[in-house]
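# Descriptive analysis of the structure
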Amino acid sequence: MKIIFSDKHLEKIYYDESYNPKGYHPDILETMIEAIDVLAYSPNLKNVCNSHAFQCKPIEWKYKKHKIYRMKLTRWWRLFFKLQEDGTIQIVNILEINNHDYNFTF
């Protein structure tokens, strides 16, 4: 799957190991990078959802048409991403990482 980022800070965290923004514990950032790697190297999302390492679920019904999923990183932290398709290529759009309620606007 191809990975793209909506949040430029998360993109910088993913590609630059020395970048450590305030508000994120290094363990959270490391887990986020591992989760994105799992998404990137997985042939399809079903394999990720069936994995025991990261729990992956579609989020509430009001976002179902947008194909937004959440992946559990730790007890409180979640990675939100949107699944898109370009022909036969699945694209994972990384939206955000947070430890509280989510509210997307489309």
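Small disclaimer: the values here were computed from a predicted structure and weren't measured. (Residues numbered from 1 in each chain as written. Predicted model: local features only at pLDDT ≥ 70, side-chain atom pairs only at ≥ 80, totals over all residues. Heavy atoms only, no water.)

### Regarding the nonpolar core
Residues Leu 39, Met 71, Leu 79, Phe 81 and Ile 94 are the most contacted members of the largest nonpolar core, which totals 26 residues. Breaking this core down by element, the ones donating at least two residues are β1 (2-5), α1 (8-15), α2 (26-41), α3 (45-49), β3 (68-72), β4 (78-86) and β5 (89-98). Per-element tally for this core: the top contributor is α2, with seven residues. The contact partners of Leu 79, leaving out residues within four places of it in the chain, are Met 32, Ala 35, Ile 36, Leu 39, Tyr 69, Arg 70, Met 71, Leu 73, Ile 94, Glu 96 and Ile 97. (Core = buried A, V, L, I, M, F, W, Y, C linked by side-chain atoms within 4.5 Å. Buried < 20%, exposed > 50% of the residue type's maximum accessible area, 1.4 Å probe, protein only. Helix = DSSP H or I, 4+ residues; strand = E, 2+ residues; numbered from the N terminus. Contact = heavy atoms within 4.5 Å.)

### Remarks on the pairing of β5
Consecutive side chains along a regular strand alternate between the two faces of the sheet. Most of β5 is tucked away: eight of the 10 residues are buried. One ladder, built from four bridges, connects β1 with β5; its direction is parallel. Bridge pairing in β5 links Phe 5 to Ile 94. By the bridge criterion, nine bridges tie β4 to β5 in an arrangement that is antiparallel. By the bridge assignment, Leu 79 is partnered in β5 with Ile 97. (Pairing = 2+ DSSP bridges.)

### Considerations on α1
Taken as a whole, α1 has its buried residues at Leu 10, Ile 13 and Tyr 14. Burial along α1 is one-sided: seen end-on, the buried residues are contained in an arc of 100°. In this structure, α1 carries Lys 8 and Tyr 15 as exposed residues pointing more than 90 degrees from its buried face. Taken together, the buried residues of α1 touch β1, α2 and β5. One side-chain oxygen of the residue at the start of α1 lies 3.0 Å from the amide nitrogen of His 9, identifying that residue as Asp 7. (Arc of directions from axis to C-beta. Polar contact = N/O pair within 3.5 Å; in protein donor to acceptor, adjacent residues only side chain to side chain.)

### Some words on the packing of α1 against α2
Helix packing geometry: the angle between the two helix axes and the distance between the axes. Packing of α1 against α2 leaves a shortest axis separation of 10 Å and a crossing angle of 90°. Taken as axis vectors, α1 and α2 run roughly perpendicular relative to one another. For the pair α1 and α2, the contacting residues are Leu 10, Ile 13 and Tyr 14 in the first and Leu 29, Met 32, Ile 33, Ile 36 and Asp 37 in the second. When grouped by side-chain class, the residues that make up the contact of α1 with α2 number seven nonpolar, no polar and one charged. (Axes fitted to C-alpha atoms, helices over the stretch in contact; angles between N-to-C directions. Parallel < 35°, antiparallel > 145°, perpendicular 65-115°, else oblique. Nonpolar A, V, L, I, M, F, W, Y, C, P; charged D, E, K, R; others polar.)

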